[in-house]
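Chain by chain, the residues run as shown.
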Amino acid sequence: MNISSFLSSITTPRIDDLKKGNIPKHVGIIMDGNGRWASRRKLPRILGHKAGVQSLRQAIATSIKIGVKYLTVFAFSSENWERPKKEVDFLMGLFVDCLNEELDSLNKNGVRIKIIGDRKKSPQKLRDSFRNAESLTSGNSKLVFNIAFNYGSRQEIIKAIKNMYEDAKKNKIEIEKLDEDTFSGYLYTGKTPDPDLIIRTSGEYRISNFMLWQSAYAEYYFTKTLWPDFNTSHYLKAINAYQKRNRRFGKV
Ligand code: FPP
């Protein structure tokens, strides 16, 4: 099913229950549980990743439908290289195939694709797909879809500090005047607003090096649902839970 048919097939009544004025602007998702989903079905782990793509399509379509403006997904962490080579190779191929197959539909639906993370280590084919996806969709603004690839938040922070140091040496910034906004601008996420809601699937209660700086005031939503089972209803449930939270940002 492509994005357009998903958009027209969302009929769940919960969408009308949402408070239109309180939709999170930026949602982050730690898509976890693909391997376990497959193992429980006695399938190879890679089929869990394949099944997870369908959940991602739904999350993108639903984000567009309800008015989320930024969606950031944790697709591959800097630590994921340690997985068996067969699984890593499969994931690299899956990213290329996915991007190439979905690009047209994403573009038509106004999605802007951005890659956050260190893509230098990725295979040439994938780097080409990243570049192509980013340049084709660069004029879109309905939804910014950030793909965190070879991403680690601590590494991102260190890289930001090194780049800032270089700029300070060239007198481009004054360290004495450094503030939070300037520092944020050095992160991969740049001027993206901080995430309001971070969802993690599969019953793990960890942040796992995902947007540590950016999520200082994010609301977290954890669910036992494995990523390949996470559908539009689950997503809307998460948004609904978010809307019940009382965000005070440290104030009373
Ligand atoms: C974590 O599950 C999931 C991943 C490491 C990969 C997720 C990637 C996709 C769903 C494809 C996305 C495609 C694009 C183009 C962004 P896990 O393997 O850690 O599951 P486990 O904890 O059960 O082992």
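Quick caveat, the model's predicted, so the values are computed rather than measured.

## Comments concerning the pattern of salt bridges
All chains considered together, the criterion is met by 18 salt bridges. In this structure, the salt-bridge partner of E174 is K177, at a minimum N-O distance of 3.3 Å. Take E174: its relative accessible area is 47%, and that puts it in the partly exposed class. Since its relative accessible area comes to 59%, K177 is described here as exposed. Linking E204 and R206 is a salt bridge whose minimum nitrogen-to-oxygen distance equals 3.2 Å. Through salt bridges with shared partners, one network takes in D32, R36, R200, E204 and R206.

## Examining the nonpolar core
In terms of nonpolar packing, the biggest core is built from 50 residues, with I60 and I113 touching the most fellow members. In terms of residues, this core owes the most to one element, helix α5 (residues 85-108), which gives 10 residues. Not counting chain neighbours up to four residues away, the residues in contact with I60 comprise I3, L71, L106, V111, L143 and F145. Core analysis: the next-biggest nonpolar cluster, separate from the first, contains nine residues, F74, I116, F210 and A218 among them.

## Thoughts on the packing of helix α4 (residues 45-66) against α5
Remark: α4 packs on α5, axes separated minimally by 11 Å, with the N-to-C direction vectors making an angle of 25°. With respect to their mutual orientation, α4 and α5 come out roughly parallel. Note on packing geometry: the crossing formed by α4 with α5 is right-handed. Residue-level inspection shows R45, I46, H49, K50, V53, R57 and I60 of α4 in contact with α5, the latter providing E87, F90, L91, L94, C98, E102 and L106. For the contact of α4 with α5, the residue count by class is eight nonpolar, one polar and five charged.

## Focus on the layout of surface pockets
Approximately 810 Å³ is the volume found for the largest pocket. In terms of lining residues, the largest pocket is bounded by 38 residues, among which M31, N34, F74, A75 and F76 are the most central. Looking at the lining of the largest pocket, the elements that each hand over two or more residues are α3 (34-40), α4, β2 (70-77), α5 and β4 (143-151). Counted by class, the lining of the largest pocket contains 20 nonpolar, 10 polar and eight charged residues. By volume, the second largest pocket is sized at about 420 Å³.

## With respect to the environment of A168
Following the sequence through the fold, A168 ends up in helix α7 (residues 153-169). With 75 residues separating them along the chain, A168 and G93 place their C-alpha atoms 40 Å apart. Setting aside residues no more than four positions away along its own chain, A168 makes contact with I173 and I175.

## Things to note about the site of the ligand
Around the ligand, a shell composed of 18 residues is seen, among which D32, G35, R36, R45 and R83 lie nearest. In this structure, an oxygen atom belonging to the ligand sits 3.0 Å away from a main-chain N or O atom of G35. Contact between the ligand and R36: an oxygen atom at 2.7 Å from a main-chain N or O atom of the residue. With the chains in place, 92% of the 640 Å² that the ligand exposes on its own is no longer accessible. When residues of the shell around the ligand are traced back to their parent elements, those giving at least two are α3, α4 and α5.

## Some remarks on unusual backbone geometry
Unusually for a residue other than glycine, N150 sits at a positive phi of about 45°. Take N150: it is sitting in strand β4.

## Here we look at the side chain of E102
Checked against the element boundaries, E102 lands in helix α5. Filtering out sequence-adjacent residues up to four positions away, E102 remains in contact with I3 and R57.

## A look at the packing of aromatic side chains
The way to describe two aromatic rings as a pair is by their centre distance and the angle between their planes. Evaluated as defined, the whole model comprises 16 aromatic pairs. Ring centres of Y151 and Y188 lie 6.3 Å apart, and the angle between their planes is 55°; on these two criteria the pair is classed as tilted. With Y151 in strand β4 and Y188 in the loop between α8 (180-185) and β5 (197-200), this pair connects stretches of sequence that are 37 residues apart. Judged by relative accessible area, Y151 falls into the buried class, the value being 0%. Judged by relative accessible area, which is 27%, Y188 ranks as partly exposed. Here a set of aromatic residues connected by ring pairs shows up, and it is made of F76, W81, F95, F130 and F149.

The rules behind each value
- Residues numbered from 1 in each chain as written.
- Predicted model: local features only at pLDDT ≥ 70, side-chain atom pairs only at ≥ 80, totals over all residues.
- Heavy atoms only, no water.
- Salt bridge = Lys/Arg side-chain N within 4 Å of Asp/Glu carboxyl O.
- Buried < 20%, exposed > 50% of the residue type's maximum accessible area, 1.4 Å probe, protein only.
- Core = buried A, V, L, I, M, F, W, Y, C linked by side-chain atoms within 4.5 Å.
- Helix = DSSP H or I, 4+ residues; strand = E, 2+ residues; numbered from the N terminus.
- Contact = heavy atoms within 4.5 Å.
- Axes fitted to C-alpha atoms, helices over the stretch in contact; angles between N-to-C directions.
- Parallel < 35°, antiparallel > 145°, perpendicular 65-115°, else oblique.
- Left-handed = near helix turned anticlockwise from the far one by under 90°.
- Nonpolar A, V, L, I, M, F, W, Y, C, P; charged D, E, K, R; others polar.
- 1 Å grid on protein atoms, 1.4 Å probe; cavity = no way out; pocket = protein on both sides within 12 Å on 5 of 7 lines; lining within 4 Å.
- Points joined across faces, edges and corners; volume = space filled by probe spheres on them.
- Near = heavy atom within 4 Å.
- Polar contact = N/O pair within 3.5 Å; in protein donor to acceptor, adjacent residues only side chain to side chain.
- Areas by Shrake-Rupley, 256 points an atom, 1.4 Å probe, with all protein chains shown as cover.
- Phe/Tyr/Trp six-rings, centres within 6.5 Å; stacked < 30°, edge-to-face > 60°.

Note that all results are geometric; they support no functional claim without further evidence.
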